[in-house]
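# Examination of the molecular architecture
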Amino acid sequence: MMPRQHISTSTLRLAISLLLVMVSAVSLQAQKLKLFRLEKDSIPMLRGFQVSFDLFGFGQLQLSDYGQYEGAFRLNLHDQWFPIVEVGYGKANHDHDEVTGISYKTSAPYFRVGVDFNLLKKKHSSNRLYGGFRYAFTSYKVDLWRQDFPDPVWQWDTGFGVFNESCSQHWLEAVVGVDAKVFGPFHLGWSVRYKRRLAHQDGVMGKTWYVPGYGTWGDTRLGGSFNVMIDI
Amino acid sequence: MRGRLLVVLFVACFFAGCTSIDCPVKNTVYTVCDIYDGYGNLFKLEDTMYVFTTRKNGSDTLIYNAGVGKSSFTLPIGYSNPEDTLYFVFVNTDYAAKDTVLIKKENYPHFESVDCSASFFHRLTGVRSSRHAIDSIRITKDFVDYDASTAHFHIYFTPRH
């Protein structure tokens, strides 16, 4: 069989990451902790909800051969903490690459859960600067094939492909974003994300290309979104 | 503070907008053969060695040409054949010998990215040969991929060589 990343490696990586987060959290000095403490004022704890839609992934899907539809539901706790769930449906249909002749097709839902923190000093203003993190997961199936081609030495026609290959991926994202009020309940905002894979199952082919919600593997670990948001 | 933040965000957006083709530099799949004498010592073959195989249309094709003084060499491996048949020919001024080598294997399509050429990895499951110049062949690494740093076969020659 082909060499695979052992699950123990991924688990170890996750354990080390969690340990580092815990150590960092413990070593924070008291004055830094103040930043994350809920402000004592007359503003209620539950400030409302917000739904949002990502236009970046939608545009990507219209203009290229992969992308995603994505929406999010965010809770506003005292204008400081924002627990969030992001749900999307990622698609790729790369048909017959003009250089390599390879076709790649997948479509699957994904989700992210996490929390954002308002980094501005004036927490209760209508504009916000966020920092946060997400845990994300997707389980997807891949069709990957190429037209038969001759072996360069023996000249026998060679088939290349797998269909309905089950794959999955867990990953983390660090997020920085802004949210600006436009009018009424409508906001516009964007985010930049740094992504790290925690564990992945890529099937028998060795690797995958587009992972729903994560994007294409290999070119960059950075991603982004442009959101239309509505306060509820 | 605000200026620094803008610079950081600009750099992040700049890199997020970049794409690159991320194919491995070592992207050929070959078998590596080391040559041993009849006593199990690595040695340089003094004969001139040629390796042939037979194509789909029945014609012969040369896959290793006129190797002299080699103790290690590489050979291509068939993408999808369950068994490759290779003909080793050894020529000296007063001597010529031919051995047939049959390599059994399992073939696995390997994918890197849609930007990278399709390739195959292999699991070697058996090898046998005639015994004219070659005494025996042993599989020393059964998985054949982009890694050509260690030998897949040890080829032992009869004492005359």
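Residues numbered from 1 in each chain as written. Chains lettered and ligands numbered in written order. Predicted model: local features only at pLDDT ≥ 70, side-chain atom pairs only at ≥ 80, totals over all residues. Heavy atoms only, no water.

## Details of the pattern of salt bridges
Using the following cut-off: Any carboxyl oxygen of Asp or Glu within 4 Å of a side-chain nitrogen of Lys or Arg constitutes a salt bridge here. Numbering of helices and strands runs from the N terminus, with a helix taken as a DSSP run of H or I at least four residues long and a strand as a DSSP run of E at least two residues long. Remark: exposure states derive from per-residue accessible area (1.4 Å probe, protein chains only) relative to the maximum for the residue type, with buried under 20%, exposed over 50%, and partly exposed in between.
Within this structure, the stated rule accounts for 17 salt bridges over all chains. For Asp116 of chain A, the salt bridge is made with Arg74 of chain A, and the minimal N-O distance between the two is 2.7 Å. Residue Asp116 of chain A is located in strand E4 (residues 102-118), and its partner Arg74 of chain A is located in strand E2 (residues 66-77); the two are separated by 42 residues in the primary sequence. Here Asp116 of chain A falls in the buried class, since its relative accessible area comes to 2%. A relative accessible area of 8% places Arg74 of chain A in the buried class. Close ionic contact of Arg123 of chain B with Asp142 of chain B constitutes a salt bridge, the shortest N to O distance being 3.0 Å. On the criterion of sequence distance, the pair formed by Arg123 of chain B in strand E7 (residues 119-129) and Asp142 of chain B in the loop between strand E8 (134-139) and strand E9 (143-144) is long-range, its members being 19 residues apart. Within the structure, one salt-bridge network assembled from shared partners comprises Glu70, Arg74, Glu86, Arg112, Asp116, Arg134, Glu173 and Arg193 of chain A.

## Observations regarding the sheet that holds strand E6 (residues 95-110) of chain B
Residue and element names in this part refer to chain B. Our working rule: Between any two strands, at least two bridges found by DSSP are needed for them to pair.
Reading across the sheet, the six strands line up as E3-E2-E5-E6-E7-E9 and stay open at both edges, with antiparallel pairing between neighbours. Here the strands that pair on one side only, and so sit at the sheet edges, are strand E3 (60-67) and E9. For E7 and E9, the ladder comprises two bridges, and the chain directions are antiparallel. Within the sheet, the bridge partner assigned to His122 lies in E9 and is Val144.

## Things to note about the side chain of Glu173 of chain A
All names here are of chain A. Heads up, the condition is: Any N or O atom pair separated by 3.5 Å or less is treated as a polar contact, with the protein-specific requirement of one donor-capable and one acceptor-capable atom, and with residues adjacent in sequence counted only for side-chain atom pairs. Pairs of residues are marked as contacts when any of their non-hydrogen atoms sit within 4.5 Å.
With respect to the helices, strands and loops of the structure, Glu173 is situated in strand E6 (residues 157-183). On the basis of relative accessible area, Glu173 is assigned to the buried category, the value being 3%. Among the polar contacts listed, one links the side chain of Glu173 to the side chain of Trp171, at a separation of 2.7 Å. Not counting residues within four places of it along the chain, the set of residues in contact with Glu173 comprises Arg112, Gly132, Phe133, Arg134, Arg193, Tyr194, Lys195 and Gly213.

## Brief notes about unusual backbone geometry
All names here are of chain A. One non-glycine residue, His78, lies in positive phi territory at about 60 degrees. Mapped onto the secondary structure, His78 falls in the loop between E2 and strand E3 (81-94). Despite not being glycine, Gln155 has its phi angle at roughly 75 degrees, a positive value. With respect to the helices, strands and loops of the structure, Gln155 is situated in the loop between strand E5 (128-150) and E6.

## With respect to the pairing of E3 of chain A
Residues and elements named next belong to chain A. Judged by which residues are buried, E3 turns out to be one-sided: Phe82, Ile84, Glu86, Gly88, Gly90, Ala92 and His94 face inward and are buried, whereas Trp81, Pro83, Val85, Val87, Tyr89, Lys91 and Asn93, on the alternate face, are not. Note that E2 and E3 share 10 bridges and pair antiparallel. If you follow Gly71 over to E3, its bridge partner there is Val87. Counting the residues that bridge the hairpin from E2 to E3 gives three residues, and of these His78 lies at a positive phi of roughly 60 degrees.

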